[in-house]
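Chain and residue survey
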Amino acid sequence: MAGEAAADGVRAPLSGRCSYFVVKKRRYCRMVTARGHRLCGEHRTESENQGKRIRCPLDPKHTVDEDKLEKHLKKCNSREKPKPVYYRHNVNGGPEDAEENSKQQVPLCDLSKEEIEIMITKLRKATSEYLLLSAGLNSTITDRTLTHTALREALDDPKNGDSASKHLKQQASLVGNLERLGLLGSNRCFVEFGAGRGKLSHWVARALQGVPNVHFLLVERASTRFKVDGKHQNQGSMFGRLQIDIQHLSLDKVPLLTSETLPVVGIGKHLCGAATDLSLRCLVERYRVKEDNDTEPATKRLKADPTETQQQQRDPDKEVNSSPTLGIAVALCCHHKCEWKHYVGKEFFSSQGLDREDFQIFQRMSSWATCEKSCSLSRAASAEPPQEHGWGESSQCAAEVLEMLTVRERESLGLLCKRLIDHGRIEYLQQRGFMATLQYYTSPCISPENVLLTAVPPQSKENF
């Protein structure tokens, strides 16, 4: 077998492990073999196996003995697992849009130069009404680049590489902004959306070391390696993971939140595209549940004091699972991955005379803001075709836009698209009683996606 021919300098197969040499990995397979065999089931020949191997119908990346298929399907890791109690299909996806499935999205490269000019005019008109254009982008967003003492030692570590240093500076600023908003405290649960390894929650927990009754829920749809959750098992903070798509997450059904009646703080670092809208709807629905089921005025319900909030929720006459949202701090990212069907700012777009097709074009134009991978907006125009999302390298439209717009103009228009989409999110939160705003939380040289969306109930406005 060709795969068994080992290369020089490669360790011999371990005892009891498969003797098949994996050329791509330049090592022997490490799967355990059955008694009397030198190859695992995946690499056994038909004659040696005395049976036929077929691809698993649940996941064609692996094979299984044909006569053992029924047994395998019951334990295959790719089988459909029972839905958790907090799963509610499309609960955060927003209302169904009949037009969403009836019309195909027009690629940016299929638009003519004249159509691009019309869209730029629409963009400038919509943004100028909110002083995003006339006052200038930098003057409409406050710079809130902060840090926190919990990360001081890590930031000063000389072993940090460039990438690690940039991530730490962003995390330090996010924790600093949570402190500025008065969101770091006891008796609450931090819900990190798109958590990945959970680094942001890790540093928030460090900042709250010794503070009682602090919980963390890390929401991530993918199975993640090298998680940091285990570092906090014996440090007072309670970490839990929810492996679920945000679109289907009903926070009011999460056992921890229903049993502890904890208010929540929504956080996220670089929450890509539609995930931001799904998270906002997920958190705001908790806020609205409290509003709908409580007969007291809103100003008495949205207390930022966690002690008072808990006392209110212990009232047996009120629903146990109607905990309020104390605040939101989400670093925005990847507007070109937003989706109209999930977008929370549809009402705002409609008020500007814009529709789904306009949104989809602005969404793809937003990639102009970061496609050049530059920390400066003052560079000269490039002679090479842009590599933006939405058109190909040889697109005639791309060449015409290059002639029509300089690099600085394209990047400025991309930023306007981002801010227009974000303004819809701000209005969505404001209409539901939150004090919401955007701010820069780090330098564009640290991350081109350097805008933070924050929202708190009216009682917290002194820290806003």
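Here the residue numbers are simple positions, counted from 1 along each chain's written sequence. Only residues with pLDDT of at least 70 get local features here, since the model is predicted, and only at 80 or more are side-chain atom pairs given and counted; chain-wide, interface and lining totals rely on the full set of residues. Hydrogen atoms and water are omitted, and side-chain values are computed over all heavy atoms in the structure.

Describing the overall build of the chain
We apply this condition: Per the convention used, a helix needs a DSSP run of H or I reaching at least four residues, while a strand needs a run of E reaching at least two, with both numbered from the N terminus. Only protein chains enter the accessibility calculation, which uses a 1.4 Å probe. A residue is then buried if its area is under 20% of the maximum for its type, exposed if over 50%, and partly exposed in between. Using a 1.4 Å probe, the Shrake-Rupley method yields the accessible areas, and only the shown protein chains count as cover for residues.
Within the chain one finds 16 helices and 12 strands. Relative to its full complement of 464 residues, the chain shows a buried share of 47%. Accessible surface computed for the chain: about 23,700 Å², of which carbon and sulfur atoms make up 48%.

Things to note about the UniProt feature "domain: CHHC U11-48K-type" (unreviewed entry) in the chain
Formally: UniProt positions are given in the numbering used here, feature names are shortened, and annotations may be inferred rather than shown by experiment.
Under the local residue numbering, the UniProt record ascribes the feature "domain: CHHC U11-48K-type" (unreviewed entry) to residues 53-80. Taken end to end, residues 53-80 is 25% helix and 21% strand, and its first and last C-alpha atoms sit 22 Å apart.

A closer look at the pairing of strand β10 (residues 325-333)
Defined as follows: The pairing criterion for strands is at least two bridges between them, as found by DSSP.
Burial analysis of β10 places 9 of its 9 residues in the buried class, the great majority of the element. Pairing analysis gives 7 bridges linking strand β9 (residues 264-272) to β10, with the strands arranged parallel. Note on β10: the bridge partner recorded for Val265 is Gly327. Alignment of β10 against strand β12 (residues 451-456), held across 4 bridges, turns out to be antiparallel. Bridge pairing in β12 places Ala331 opposite Leu452.

Re a positive patch on the surface
The condition that has to hold: A patch is a set of surface residues, each over 30% in relative accessible area and not in a salt bridge, joined within 9 Å for like charges and within 5 Å for the nonpolar side chains Val, Leu, Ile, Met, Phe, Trp and Tyr. Salt bridge, as used here, is a side-chain nitrogen of Lys or Arg placed within 4 Å of a carboxyl oxygen of Asp or Glu. In this count, Lys and Arg are taken as positive residues and Asp and Glu as negative ones, while His and the chain termini are left out. Charge positions come from single atoms, namely NZ of Lys, CZ of Arg, CG of Asp or CD of Glu.
The grouping of Arg11, Arg17, Lys24, Lys25 and Arg30 at the surface amounts to a positive patch. Secondary-structure assignment places Arg17 in the segment before β1 (21-22). Its relative accessible area of 33% is what places Arg17 among the partly exposed residues.

Side note on the nonpolar core
How we decide: To define a nonpolar core, start from buried Ala, Val, Leu, Ile, Met, Phe, Trp, Tyr and Cys residues and group those joined through side-chain atoms within 4.5 Å.
Within the largest apolar cluster, 37 residues are counted, with the highest numbers of intra-cluster contacts made by Phe193, Leu249, Leu251 and Leu429. Residue assignment for this core shows that the elements contributing at least two residues are β6 (188-193), β7 (214-219), β9, α10 (274-293), β10, α16 (407-431), β11 (435-440) and β12. Within the second largest apolar cluster, 28 residues are counted, among which are Leu151, Phe190, Phe216 and Val265.

Describing the confidence of the model for the chain
The predicted coordinates ought not to be read in detail in places where the model reports low pLDDT. Condition: Think of pLDDT as the predictor's per-residue confidence, scored from 0 to 100. Should any heavy atoms of two residues lie within 4.5 Å, those residues are counted as being in contact.
Residues of the chain with pLDDT of at least 70 account for 75%, and the chain-wide mean is 80. In this model residues 132-138 is a low-confidence stretch, pLDDT under 50, and it forms 19 contacts with partners more than four residues away in sequence or in other chains. Counting contacts from residues 288-323, a segment whose pLDDT is below 50, to residues more than four positions away or on other chains yields 57 contacts.

Regarding the pattern of salt bridges
Overall, the coordinates contain 11 salt bridges when judged by the stated rule. Residues Lys68 and Asp65 are paired through a salt bridge, measuring 3.9 Å at the closest nitrogen-oxygen approach. Two residues, Arg221 and Asp245, come together in a salt bridge whose shortest N-O distance is 3.3 Å. Here Asp245 lies in the loop between β8 (238-242) and α9 (255-260) and Arg221 lies in the loop between β7 and β8, a separation of 24 residues in the sequence.

Re helix α4 (residues 113-128)
Put simply, the rule reads: How far a helix is expected to stretch is found by multiplying one less than its residue total by 1.5 Å. Comment: arc refers to directions from the helix axis out to C-beta atoms.
End to end, α4 covers 22 Å across 16 residues, agreeing with the expected 22 Å (1.5 Å per residue, within 8%). By the burial criterion, the buried members of α4 are Ile116, Met119, Ile120, Leu123, Ala126 and Thr127. Around the axis of α4, the buried residues are gathered within 130 degrees of arc, so they sit on the same side. Turned more than 90 degrees away from the buried face of α4 sit Thr121 and Lys125, all of them exposed.

Quick notes on the environment of Val64
Considering the arrangement of structural elements, one finds Val64 in strand β4 (residues 63-65). Since its relative accessible area comes to 7%, Val64 is described here as buried. Here Val64 is in contact with Lys52, Arg53, Ile54, Cys56, Leu69 and His72, once residues within four sequence places are set aside.

A closer look at the packing of aromatic side chains
The condition that has to hold: Two rings belonging to Phe, Tyr or Trp (six-membered ring only in the last case) form a pair when the distance between their centres is within 6.5 Å. Interplanar angles under 30 degrees mark stacking, angles over 60 mark edge-to-face geometry, and anything in between is tilted. Only when the NZ atom of a Lys or the CZ atom of an Arg is both within 6 Å of the ring centre and within 35 degrees of the ring normal do we say a charge sits over the ring.
Taken as a whole and assessed by the stated rule, the structure comprises 10 aromatic pairs. Residues Phe21 and Tyr28 carry aromatic rings whose centres are separated by 5.5 Å and whose planes lie at 75 degrees to one another, so their mutual orientation is edge-to-face. Residue Phe21 shares its accessibility class with Tyr28, and that shared class is buried. Taking 6.2 Å as the distance between ring centres and 35 degrees as the angle between the ring planes, the aromatic pair formed by Trp340 and Tyr343 counts as tilted. Judged on exposure class, the residue Trp340 and its partner Tyr343 are both buried. Pairwise contacts between aromatic rings join Trp340, Tyr343, Phe348, Phe349 and Phe359 into one cluster. Taking NZ or CZ as reference, Lys83 lies 5.3 Å from the ring centre of Tyr87, over its face.

Remarks on the sheet that holds β12
What counts here: Here an axis means a line fitted to C-alpha atoms, over the contact stretch when the element is a helix, while the angle between two N-to-C directions is reported on a 0 to 180 degree scale.
Across the sheet, 8 strands lie side by side as β5-β11-β12-β10-β9-β6-β7-β8; this open sheet has mixed pairing. Looking along the sheet, the strands with just one partner apiece sit at the ends: β5 (142-143) and β8. As judged from the 5 bridges shared by β7 and β8, these two strands associate in the parallel manner. Directly across from His215, in β8, lies its bridge partner Met238. Its contacts with the sheet put α16 on β10, β11 and β12, and the angle it makes with β11 is roughly 150 degrees.

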